[in-house]
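# Fold and geometry: a report
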Amino acid sequence: MSLDISEITPYNFAVVEPKWQKFWIDNHSFKTQNRQNKKYYVLEMFMYPSGKVHIGHVRNYTIGDIVARYKRACGFDVLHPVGWDAFGLPAENAALKQKSHPKDWTYKNIETMKKQIRALGFSYDWEREFATCDEEYYGFQQKIFLALYKKGLVYRKKSEVNWDPVDNCVLANEQVIDGRGWRSGALVEKKMLSQWFFRITDYADELLNELDNLKGWPENVKTMQRNWIGKSEGCSINFSCDNGDQITVFSTRPETLYGATFLAISPDHPLAKKIAVSNKAVRDFISELKKGSVSQQMLDKQEKQGIDTGLTVKHPFLDKRLPVYIANFVLMDYGTGAIFATPAHDERDYDFAVKYNLPIISVIKSENSEVPYFGDGILFNSEFLDGLSVVEARKRVIEEIDKRDLGKKEIFFKLRDWGVSRQRYWGCPIPMVYCPKCGTVPLKEEDLPLRLPDDVNFSGTGNPLDQHPHWKHIKCPICGGDATRETDTLDTFVDSSWYFLRFCVGKESKDLLDKSNVNQWMTVDQYIGGVEHAILHLLYARFFTKALADCSLVNVREPFTNLFTQGMVCSVTFKNEQGEWLFPSEVRKNEKGEFIEIATGKKVIVGRLEKMSKSKKNVVDPDVIVKTYGADALRLFVVSDTPADRDFPWSDEGLDGSWRFINRVWRLFVYLKDKGICALATRDIELSSLSEEMQNLYKGFHKTIKDVTVSFESQSMNKAIAYIRESINCIYAVLDKAEDNVSLFSVVVRDLIKLLAPIAPHICEEAWSMFGFSNLVSENEWPKFCEKYIVVSTINLPIQINGKLRGTIDVAPNAPEDEVIQKALEVNNVKKVIGDKPIRKKIFIKGKIINFVV
RNA sequence: GCCCGUGUGGCGGAAUGGUAGACGCUACAGACUUAAAAUCUGUUGUCCUUUCGGGCGUGGGGGUUCGAGUCCCUCCACGGGCACCA
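Description of the structure in this document. (Residues numbered from 1 in each chain as written. Chains lettered and ligands numbered in written order. Predicted model: local features only at pLDDT ≥ 70, side-chain atom pairs only at ≥ 80, totals over all residues. Heavy atoms only, no water.)

### What about the pairing of strand β20 (residues 439-442)?
Put simply, the test is: Strand pairing follows a simple DSSP-based rule, namely that at least 2 bridges must link the two strands. Here a helix means four or more residues in a row that DSSP labels H or I, a strand means two or more in a row labelled E, and each is numbered from the N terminus.
Bridge analysis of strand β19 (residues 432-435) against β20 gives four bridges, and the strand direction is antiparallel. Among the inter-strand pairings, methionine 432 is bridged to a residue of β20, identified as proline 442. Hairpin remark: β19 followed by β20, antiparallel, with three residues in the connecting loop.

So this is what it looks like as structure tokens:
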């Protein structure tokens, strides 16, 4: 009796998926192997245990899992670990709000999210799992801190910090966005505090230069890092002031020195402060600027403000004096906090000069003498620089400044040292002690780990560690006298700056950076995560790797060979007339096809696709999807249709389509099983014994293997899926021949399962076992394709006349020119178009095209 | 303002300088069904044409080429990053 394909029971993911998930875990199927030199380390940016997995995580980890499973099939020993970035503010916020301990909150969240992650069937080595708040991990991090301290890469200084008044916490520059705290959104204030710093600026040049060698990184990420490091080359110049002081300025355009008409110093410049003491107008001006908060200044940044100090400086080359202004557009934390201004060739200087009626002197010839002019040109008005080009003049003037001892060639970076102190409880304690006699003293290594006390009180203000009754009191490690601990904890970006190294070492080793292990696996062959970490995390991780190398703790200087930044999952948004966000379930289409709010019947505003977020009410819950459609359908969907590095437009219809595809595959498997397919899967195919149609199926399938392989190699999952779908369509078209071609279909379906397994592992594992294979599909080699089958016997060759398509002919791919021309000229439409016009030229590309020019 | 990136059907997107629109979503039609759902099979850029076929089409304009979505110039739009960085 024949099996009707439409009557096959749907794929029961609810039974199949948990079965294989349990099997993989119980059997340690993805335990890191250490058999050979062919190794591959694939890592997805680890997760913050916020409480629930969201769809963005699903996409990120699906991409990584596909890579891991594919590489394993290609014969690599694969390291594919999972862990938790578990320290940080939200745990403390939750502690305040829900009266739960940050530790309990965090570990509970990890448990919840682990279940969710496991339900997606990712091929992790769960034995290497850890959380950064594990004592073992942060204890070792303290050792690293001390190693960096000994190496001179850690120091403490009093400095103005960004103070977040809501989170009561210091923020790094990178955590301030438009003058607001990156997490709380509160306006940031300035405050002076003693802080610990890492000397990332020591590595500014290397961090910049090495970017050129990171061929496997996206160009935009490298550009962002370059801009952030912000190297500029120029020179410093000293000006003597008439009050006896010297003012040192930095300029990248010293060749414009003869066009200088005034000096401008920052309101925070020491000289400005000195003048303020005796000059009330200056004092008032500075305090007026201070009054506006950081962000107010940002808002006013277009408006140049300044005040004449009354002081003048001597021009280094000319017998003239330049007035010194205090100007709001000069920043103290860049360069020297002072500039010479050449209004003719700098926009900001120009704006300022116009506002305060200062002279404008051109020194570079431009075509129409317009000012300000920033282009190239020939110098004039500039004595010994006259007639030189901008580049020549720059070189010449720096030589001269150097010769006369007025200044020197200098390089400045925008990059600042990394402040790592946080006035927070839920982080890695800094292993330092303050002794009234011995000063700042590091803890002894044998006293590590320095544990966080569990019995803390969250009042909501200040640092609970500092307020703990006895934790901070300690005997000095040197003199044994009364001393106090550092109560700040480390920025959580420190935790994520070396976790990828820890994954290289098995749990049995006490040395978390065990060199033989780390060297075996580093670098990370493929790192995958969101572009939002392009600067902070990735720059810090690069710095840390270099610093650890200089402490002889690791052997590599760059952590990530290839970086892939996946796009965000986006969805439509709805708003009602009041501007309130609406859930998709609160909206429906009316008869006219307009979207209306169900509750009110009023029209809603349909927004553009935006990143899924709770606040915009356009989220989907991965748990619900997995329950309704299964993990395979979800995995398939999030990498279908759209390239993985672009934003992904979520649609319920699309998800439904993925589910239909999973079922279509399932019906194919069940149908073929019923026809006795696959029992003979290992038998070789004798091509000549097959009909032409079946030969084409086989050849076409080799093309599929090639296309899918190439697509996986370039992380083009969307294309891989398209080719697999195409192939399945081809198989469906000849399904009625399956019974008569058992060995052919057996080989095809065997390899088809392998091709699909990285994306939809559960259904493939189930099919693999259903067809009677005794091992796991993931233990099998990736299918191989033969070029000789991919070369087809005839191709459909296009015929062009004057570059326009006028017909096609079927010929052998290697058909010679004579044959092709003869056949092409026999095509009716070609005859018609050419008519009696003479053929002036024939362009023939073998196997590609014939083009007649008439 | 500066620096990146992207513009292809109703939608997501394919396409080593060589038949634009693979694959999917949507929509429509047929088969199956009492019917619906599901499934299977078609059609689906646009205009003209009964057919054969033809015109126009990859943001706009120009160029290189036998031939351009692809290369060059220029303009426009959108997205992202940095933003008084001397």
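### So, the sheet that holds strand β11 (residues 246-251)
This is how it is decided: Only the contacting stretch of a helix is used when fitting its axis, a line to C-alpha atoms as for every element, and angles between N-to-C directions run 0 to 180 degrees. Only heavy atoms enter the contact rule, under which two residues are in contact if any of them lie within 4.5 Å.
Across the sheet, three strands lie side by side as β11-β10-β16; this open sheet has antiparallel pairing. Looking at which strands have only one partner, the edges of the open sheet turn out to be β11 and β16 (407-413). On average, each strand axis in the sheet is inclined to that of its neighbour by 35 degrees, with strand direction left out of account. Bridge count between strand β10 (residues 231-240) and β11: six bridges; the pairing is antiparallel. Each residue of the ladder has a partner; that of serine 240, found in β11, is glutamine 246. The sheet strands contacting helix α12 (residues 390-403) are β10 and β16, and the helix crosses β16 at an angle near 120 degrees.

### As for the packing of aromatic side chains
For any pair of aromatic rings, geometry is given as the distance between the ring centres together with the angle between the planes. To keep it simple, the criterion reads: Note on ring pairs: Phe, Tyr and Trp rings are taken, using the six-membered ring of Trp, and paired if centres are within 6.5 Å. Classes follow the plane angle, with under 30 degrees stacked, over 60 edge-to-face and the rest tilted. Exposed residues in this analysis have more than 50% of their type's maximum accessible area, buried residues have under 20%, and partly exposed residues fall in between, with area computed by a 1.4 Å probe over protein chains only.
The final tally for this structure, using the stated rule, is 54 aromatic pairs. Between the aromatic rings of tyrosine 70 and phenylalanine 712, the centroid separation amounts to 5.3 Å while the plane-to-plane angle is 35 degrees, which identifies the pairing as tilted. Of this pair, tyrosine 70 sits in helix α2 (residues 55-73) while phenylalanine 712 is found in helix α21 (residues 692-713), placing the two residues 642 residues apart along the sequence. Accessibility classification places tyrosine 70 together with phenylalanine 712 in one group, the buried group. Ring geometry for tryptophan 418 against phenylalanine 543: centres 6.2 Å apart, planes inclined by 75 degrees, an arrangement best described as edge-to-face.

### Remarks on the state of the cysteines
Which entries qualify depends on this criterion: We call a pair of cysteine sulfur atoms a disulfide whenever their separation is within 2.5 Å.
Summed over the entire model, instances satisfying the criterion amount to zero disulfides. Free of any disulfide, cysteine 435 has its nearest cysteine sulfur in cysteine 476, 3.6 Å distant. Cysteine 786 takes part in no disulfide bond, and the closest cysteine sulfur, belonging to cysteine 74, lies 16 Å away. Exposure remark for cysteine 786: the relative accessible area of 31% places this residue in the partly exposed category.

### What about the environment of threonine 252?
Here threonine 252 is to be found in the loop between β11 and β12 (262-265). Residue class for threonine 252 comes out partly exposed when judged on its relative accessible area of 32%. Sequence-wise, threonine 252 and glutamate 693 are 441 residues apart; in three dimensions their C-alpha atoms are separated by 71 Å. If near-sequence neighbours (up to four positions away) are discounted, threonine 252 is found in contact with Ser232, Glu233, Gly234 and Arg394.

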